[in-house]
Amino acid sequence: QEVHAAELERTFIAVKPDGVQRGLISEIISRFERKGYKLVGIKVVVPSKEFAGKHYHALKDKPFFNGLSEFLSSGPVVAMVWEGEGVITYGRKLIGATDPQKSEPGTIRGDLAVVVGRNIIHGSDGPETAKDEINLWFKPEELVSFTSNAEKWIY
Ligand code: RTP
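The model shown is predicted, which means the values in this text are computed figures rather than measured ones.

**Some points on the UniProt feature "domain: Nucleoside diphosphate kinase-like" (unreviewed entry) in the chain**
Those places that UniProt annotates as "domain: Nucleoside diphosphate kinase-like" (unreviewed entry) correspond, in this numbering, to residues 8-145. The span residues 8-145 is 41% helix and 17% strand, and its two end C-alpha atoms sit 10 Å from each other.

**Focus on the environment of T11**
By the secondary structure assignment, T11 is in strand β1 (residues 10-15). Through-space distance from the C-alpha of T11 to that of N119 is 18 Å; in sequence the pair is 108 residues apart. Once residues lying within four places of it in the same chain are set aside, the contact partners of T11 are M80, V81, W82, V87, I88, S124, A130 and I134.

**Some remarks on the pattern of salt bridges**
Taken as a whole, this structure holds eight salt bridges when the rule is applied. With a closest N to O distance of 3.5 Å, E83 and K38 form a salt bridge. In this pair, E83 is assigned in strand β3 (residues 77-83) and K38 in strand β2 (residues 38-45), connecting sequence segments 45 residues apart. The burial state of E83 is the same as that of K38; both residues are buried. Between K102 and D99 there is a salt bridge; the shortest N-O distance is 4.0 Å. If you follow the salt bridges from partner to partner, you end up with R10, K38, E83 and E151 in one network.

**Focus on the site of the ligand**
Around the ligand sit 13 residues, and of these K16, R92, T98, N119 and H122 come closest. Residue Y56 places a side-chain N or O atom 3.4 Å away from an oxygen atom belonging to the ligand. Within the contact set of the ligand, an oxygen atom lies 3.3 Å away from a side-chain nitrogen or oxygen of R109. When the ligand sits alone it has 560 Å² of accessible area, and the protein chains cover 75% of it.

**Side note on the sheet that holds strand β4 (residues 121-123)**
The antiparallel open sheet is built from four strands, whose spatial order is β2-β3-β1-β4. The sheet terminates laterally at β2 and β4, the two strands that pair on one side only. Going from strand to strand, the sheet's axes swing by 15° on average, the running direction of each strand aside. Relative to β3, β2 runs antiparallel, the two being bridged by seven bridges.

**Let's talk about the nonpolar core**
Ranked by internal contacts, the top residues of the largest apolar core, which has 21 residues, are I28, F32, M80, W82, I108, I120 and I121. Those elements giving two or more residues to this core turn out to be β1, α2 (25-35), β3, α5 (87-95) and α6 (108-112). If one sorts the elements of this core by residue count, α5 sits on top with four residues. In this structure, M80 is in contact with T11, F12, I13, V15, I28, I29, L39, G41, I42 and F138, ignoring residues within four places of it in sequence. By size, the runner-up hydrophobic cluster in this structure holds 15 residues, among which are A14, V40, A79 and V81.

The rules behind each value
Residues numbered from 1 in each chain as written. Predicted model: local features only at pLDDT ≥ 70, side-chain atom pairs only at ≥ 80, totals over all residues. Heavy atoms only, no water. UniProt positions renumbered as here; feature names shortened; annotations may be inferred. Helix = DSSP H or I, 4+ residues; strand = E, 2+ residues; numbered from the N terminus. Contact = heavy atoms within 4.5 Å. Salt bridge = Lys/Arg side-chain N within 4 Å of Asp/Glu carboxyl O. Buried < 20%, exposed > 50% of the residue type's maximum accessible area, 1.4 Å probe, protein only. Near = heavy atom within 4 Å. Polar contact = N/O pair within 3.5 Å; in protein donor to acceptor, adjacent residues only side chain to side chain. Areas by Shrake-Rupley, 256 points an atom, 1.4 Å probe, with all protein chains shown as cover. Pairing = 2+ DSSP bridges. Axes fitted to C-alpha atoms, helices over the stretch in contact; angles between N-to-C directions. Core = buried A, V, L, I, M, F, W, Y, C linked by side-chain atoms within 4.5 Å.

Here it is, written out as structure tokens:
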């Protein structure tokens, strides 16, 4: 079956400051990479609180919004775009439930985090948010499109 890179779905994934400080960047990248997803954009940034607020704009009425925006801007974040069939929904599965107390073992949060305020990773929750978040964090020229040799063995 022919699958062209340009047609594949993309999602925004971020290792939050707690994941970076705990040395979990490579562990997280590894889980997405081994699954068969393709990294098409990556950078390390310290977002401003205003930028973090934009990222979490859908949660602006939540009581934890201020603390959450402050936390996301408290240190380096690894911002990434991953590509592949079903990557938005399956990426959320790899990540696990929002509250690590409820995430299954085997998921990133289930294996590596304990409380909801320090759940180490973010992943877009649908096609619209994926598009918005990718546009917020990345310029088009910061993303690549390529066909890897492994692809014919994955699809
Ligand atoms: P994310 O956006 O980070 O992938 O998380 P999510 O979709 O699984 O969860 P969402 O409801 O969108 O919440 C975003 C982030 O807010 C923090 N949070 N804190 N009760 C709390 O203190 C609380 N609830 C949510 C978490 O860091 C969550 O990932």
